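Inside the fold
Each chain, letter by letter, is given below.
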2 protein chains.
Amino acid sequence: MRLATVAHAAGTSAAVLDGDTWRALPATDLSELLAANSQVSLTALAGEGIEGAVPVLPLPAPRKVICCGLNYADHIRETGRELPSHPTLFTKYADSLTGPDADLVLPPGLQVDWEAELAVVVGTTLRRADRSTALAGIAGYTVANDISVRDWQYRTLEWFQGKAWDASTPVGPVVVTPDEIDPAEGLEVICRVNGEQVQRDNTRTLVFDPADLLAYISTFTVLRPGDLVLTGTPGGVGVAREPQRFLADGDVVETEIPGIGRLRNTVRFMDGNCTS
Amino acid sequence: MRLATVAHAAGTSAAVLDGDTWRALPATDLSELLAANSQVSLTALAGEGIEGAVPVLPLPAPRKVICCGLNYADHIRETGRELPSHPTLFTKYADSLTGPDADLVLPPGLQVDWEAELAVVVGTTLRRADRSTALAGIAGYTVANDISVRDWQYRTLEWFQGKAWDASTPVGPVVVTPDEIDPAEGLEVICRVNGEQVQRDNTRTLVFDPADLLAYISTFTVLRPGDLVLTGTPGGVGVAREPQRFLADGDVVETEIPGIGRLRNTVRFMDGNCTS
């Protein structure tokens, strides 16, 4: 099943793909749908086809967006570290997220870098969950790019201030349910900048897989339907290159996981306020 | 003005102290009140006195709880670091918070430590705010203890997993408005464990003051009414002692800022679920 939040003439709606048609689900977005219907068969709820439906940010209101760093063996090696015994975790906010085709609007002068990632959508309340409970609690998978402001990330030991710039983490375009894809069997995670492939790896090489991450996090804090966990990025980020490479105004960042879909976001450096 | 969320026979209410009487404000808690009334004189809203009012967690639903580490010169020195040019920031969740008299229920076997802190309550929406705008956007000040699970905090470079255990960060008992107290003029921040003073310093020695922190954070993410910013802890934490000292089952942690109030929380080590 492929789920999305779609924009249409009258607003937005949660939706499920039926052939080429997005059929309405009874919520304005997937955040609301998952919060209300975590135990219900979504197919049974599908309504009419939506004219002119365009997938937007699928989960606009997660209460928690938790990210794992250093989770692909080759990316760990390029940062000069050893394979970890525990996941490195940091956070973003719902405010950090933006849509699959949105411009990434940031002030000029920042060192902005790409990090293509598989994201896990939580489907049930998880609290001190074991691996099997965590696995059963996954609502689906989507694509994210953990766009990182490297100069702010490395100002201090804690990465948060380089990771949580408003409206800079694209997510989407769809959420694919676990009956259709399995990261353990292998999903390619690809990033291209202006058409040039800069990252490509496979989720088979994750040090901590989605069930590991959800179980681990749920030891200290509850996860709820609609929460997002980003599983980390493979090698090939700009900050680790020789010479270092950062995104420029007008650069087009494509983030793709075949079997889920593709984000396409253009960097726009301009002054202005954060998004509301 | 002293504001609180108070429990009473019929539930909870936002309230303002009038002499010895808590008068009801039109919201179930301060989170709801600040979200709805950031531009309104709260005194004008005060209603009837509430019988048997008991202050509880004043802000149960902040969207953002952002914490500053390494912000008192002596605490920075005890961790072996130099004075920073930028604030070190990490996050907690609304789920991390608990009330001024609540037990701190954690699984046995963790290295649990104290961190007495001044907390700032955001009163308006702040986005790319300068210092003066940030200062004017402060709704008030309260007391917090950034209880930290040190073994998890130091498992990786990122502190988050040791800082965001559910229901382990007491906050309260009241929020005092900026017309009554000024951290720049000096507030004593005190922590006692079983009656023994373990921390005492003054907010005059903060490296980054509340307005600095709000302005800095608002550069990358919007702050909204009811959000909380914890300003960091002074020297004297258990992990930096020789020998190290951590909290034991039954230990009573008192966190006090004269002019605001005092938290009194008992550590309870027991297995069980996170709070909902």
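Attention in this report is confined to the structure presented alongside it. This structure is a prediction, so every number in the text was calculated from the model and none was measured.

Further remarks concern the sheet that holds strand 14 (residues 188-193) of chain A. Residue and element names in this part refer to chain A. Spatial ordering of the open sheet is given by 8-18-17-14-15, a layout of 5 strands whose pairing is mixed. In this open sheet, the two strands that pair with only one neighbour each are strand 8 (104-106) and strand 15 (196-202). Averaged over all pairs of adjacent strands, the angle between their axes in this sheet comes to 15°, without regard to strand direction. Across 6 bridges, strand 17 (residues 252-257) lies against strand 18 (residues 261-269) in antiparallel orientation. Across the sheet, the residue bridging to Thr255 is Leu263, located in strand 18.

Before going further, it helps to examine the relation of the copies chain A and chain B. For the pair chain A and chain B, the superposition axis carries a translation of 0.0 Å, the fit reaches an RMSD of 0.0 Å, and the rotation angle comes to 180°. Interpreted geometrically, this transformation is the action of a two-fold axis. Residue Glu158 of chain A of chain A places its C-alpha closer to the rotation axis than any other residue of that unit, at 2.9 Å. Here 100% of the contact residues of chain A are again contact residues in chain B; the copies associate through an equivalent surface.

The next thing to look at is the packing of aromatic side chains. Here the structure, examined in full by the defined rule, presents 14 aromatic pairs over all chains. Among the aromatic side chains, those forming a connected cluster through ring pairs are Tyr93, Trp152, Phe160 and Trp165 of chain A together with Tyr216 and Phe220 of chain B. Lying over the aromatic face of Tyr93 of chain A, Lys64 of chain B brings its terminal NZ or CZ to 4.9 Å of the ring centre.

Here we take up the sheet that holds strand 17 (residues 252-257) of chain B. The strands making up a sheet associate through hydrogen bonds between their backbones, and the pairing can be parallel or antiparallel. Residues and elements named next belong to chain B. Strand order in the open sheet made by the 5 strands is 8-18-17-14-15, with mixed pairing throughout. Edge positions in the open sheet fall to strand 8 (104-106) and strand 15 (196-202), since each of these has one partner strand only. Sheet twist, expressed as the mean angle between neighbouring strand axes with direction ignored, is 20°. The pairing of strand 8 with strand 18 (residues 261-269) spans 3 bridges and is classified as parallel.

Calculation criteria
- Residues numbered from 1 in each chain as written.
- Chains lettered and ligands numbered in written order.
- Predicted model: local features only at pLDDT ≥ 70, side-chain atom pairs only at ≥ 80, totals over all residues.
- Heavy atoms only, no water.
- Pairing = 2+ DSSP bridges.
- Helix = DSSP H or I, 4+ residues; strand = E, 2+ residues; numbered from the N terminus.
- Axes fitted to C-alpha atoms, helices over the stretch in contact; angles between N-to-C directions.
- Least-squares fit on C-alpha atoms with pLDDT ≥ 70 in both.
- Contact = heavy atoms within 4.5 Å.
- Phe/Tyr/Trp six-rings, centres within 6.5 Å; stacked < 30°, edge-to-face > 60°.
- Lys NZ or Arg CZ within 6 Å of the ring centre and 35° of its normal.

These values are about where atoms sit, not about what they do.
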